[in-house]
Amino acid sequence: MIKVTGIERKEQRGPARVFECEEDAMHAVTSGSIRSGDIMVIRYEGPRGGPGMREMLGVTGAIVGAGLSETVGLITDGRFSGATRGFTVGHIAPEAANGGPIAVVRENDIISLNIDKRRIDLELSPAELDARLRAWKAPEPKYTSGVFQKYVKLVGSAAEGAVTG
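This text gives an overview of the structure that appears in the document. (Residues numbered from 1 in each chain as written. Predicted model: local features only at pLDDT ≥ 70, side-chain atom pairs only at ≥ 80, totals over all residues. Heavy atoms only, no water.)

## Let's talk about the sheet that holds strand E1 (residues 11–19)
Here comes step 1: Read across the sheet, six strands follow the order E4-E3-E2-E1-E5-E6 without closing on themselves; strand pairing throughout is mixed. In this open sheet, the two edge strands, each paired with only one partner strand, are strand E4 (87–89) and strand E6 (119–122). Strand-to-strand twist across the sheet, computed as the mean angle between neighbouring axes with direction ignored, equals 25 degrees.
Here comes step 2: Relative to E4, strand E3 (residues 73–76) is paired through three bridges, and the arrangement is parallel. By the bridge assignment, leucine 74 is partnered in E4 with threonine 88.
Here comes step 3: Across the sheet, helix H1 (residues 22–30) is in contact with E1 and strand E2 (39–42); its angle to E2 comes to roughly 155 degrees. (Pairing = 2+ DSSP bridges. Helix = DSSP H or I, 4+ residues; strand = E, 2+ residues; numbered from the N terminus. Axes fitted to C-alpha atoms, helices over the stretch in contact; angles between N-to-C directions. Contact = heavy atoms within 4.5 Å.)

Shown next as structure tokens:
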């Protein structure tokens, strides 16, 4: 899902800057490690990975505060609210914790975003993408007991409402 209001540009192509969690992405922005043209990828923040689809408003606010909202893109399997500004794609499904393509993006891979064409492209050959997906291993769960463990086991995709059936 991409919020298209309030943004002038309709496309961006650039190197992926990959983060396994919101906190690491926030540190990269606030430390000045993110540059114009980068496309930030924040994964393992979806319904299962978060768990619970964490809100990325802090990171998008930091991007705006750093003066990069017109030149940096952000892709996440987490969520964002109506207050989010900039070229932000959220609710990516299948999420990283389920082995979706976002799980195998590597630092400096080229990503192309195009609103008019309704496309997000990871510029890899089909063979390379397939090899990466076959080699992917799910990370250890953050919770191994209790209600969060049960939630992670039962929650569905964001594309289907992230319900626990």
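## Some points on the pairing of E1
Here comes step 1: Bridge analysis of E1 against strand E5 (residues 110–114) gives five bridges, and the strand direction is antiparallel. Looking at the pairing, glycine 14 lines up with isoleucine 111 of E5.
Here comes step 2: With four bridges connecting them, E1 and E2 associate as parallel partners. Residue pairing across strands places arginine 17 opposite methionine 40, the latter belonging to E2.

## Focus: unusual backbone geometry
Here comes step 1: Residue proline 51 is reached from glycine 50 by a cis peptide bond, and omega for that bond is -20 degrees.
Here comes step 2: Note that proline 51 resides in the loop between E2 and helix H2 (57–65).
Here comes step 3: Put simply, alanine 93 and proline 94 share a cis peptide bond, and its omega is 0 degrees.
Here comes step 4: Assignment of secondary structure puts proline 94 in the loop between E4 and E5.
Here comes step 5: Positive phi, close to 65 degrees, is recorded for tyrosine 44, a residue that is not glycine.
Here comes step 6: By the element assignment, tyrosine 44 lies in the loop between E2 and H2.

## A look at the nonpolar core
Here comes step 1: Of all hydrophobic cores here, the largest spans 18 residues; its most connected members are Ala16, Val41, Ile75, Ile102, Val105, Ile111 and Leu113.
Here comes step 2: For this core, the secondary structure elements donating two or more residues are E1, E2, E4 and E5.
Here comes step 3: With residues near it in sequence (within four places) discarded, isoleucine 75 still touches Ile39, Met40, Val41, Ile42, Val89, Ile92, Ile102, Ile111, Leu113 and Ile120.
Here comes step 4: Counting residues in each nonpolar core, the second largest holds 14 residues, with Ile34, Met56, Ala62 and Leu74 among its members. (Core = buried A, V, L, I, M, F, W, Y, C linked by side-chain atoms within 4.5 Å. Buried < 20%, exposed > 50% of the residue type's maximum accessible area, 1.4 Å probe, protein only.)

## Notes on a nonpolar patch on the surface
Here comes step 1: Together, Tyr143, Val147 and Phe148 line one region of the surface with nonpolar side chains, adding up to about 300 Å² of accessible area.
Here comes step 2: With respect to the helices and strands, tyrosine 143 occurs in the loop between helix H3 (126–135) and helix H4 (146–154). (Patch = residues over 30% accessible without salt bridge, like charges linked within 9 Å, V, L, I, M, F, W, Y side chains within 5 Å. Areas by Shrake-Rupley, 256 points an atom, 1.4 Å probe, with all protein chains shown as cover. Salt bridge = Lys/Arg side-chain N within 4 Å of Asp/Glu carboxyl O.)

## Comments concerning the pattern of salt bridges
Here comes step 1: Here the structure, examined in full by the defined rule, presents 13 salt bridges.
Here comes step 2: A salt bridge links arginine 13 to glutamate 123, with the shortest nitrogen-to-oxygen separation between them at 2.8 Å. With arginine 13 in strand E1 and glutamate 123 in the loop between E6 and H3, this pair connects stretches of sequence that are 110 residues apart.
Here comes step 3: According to the relative accessible area criterion, arginine 13 is exposed, its value standing at 55%.
Here comes step 4: On the accessibility criterion, glutamate 123 (37% relative accessible area) is partly exposed.
Here comes step 5: Its salt-bridge partner being glutamate 107, residue arginine 17 comes within 2.5 Å of it at the nearest N-O pair. Of this pair, arginine 17 sits in strand E1 while glutamate 107 is found in the loop between E4 and E5, placing the two residues 90 residues apart along the sequence.
Here comes step 6: Assessed through its relative accessible area of 16%, arginine 17 is described here as buried.

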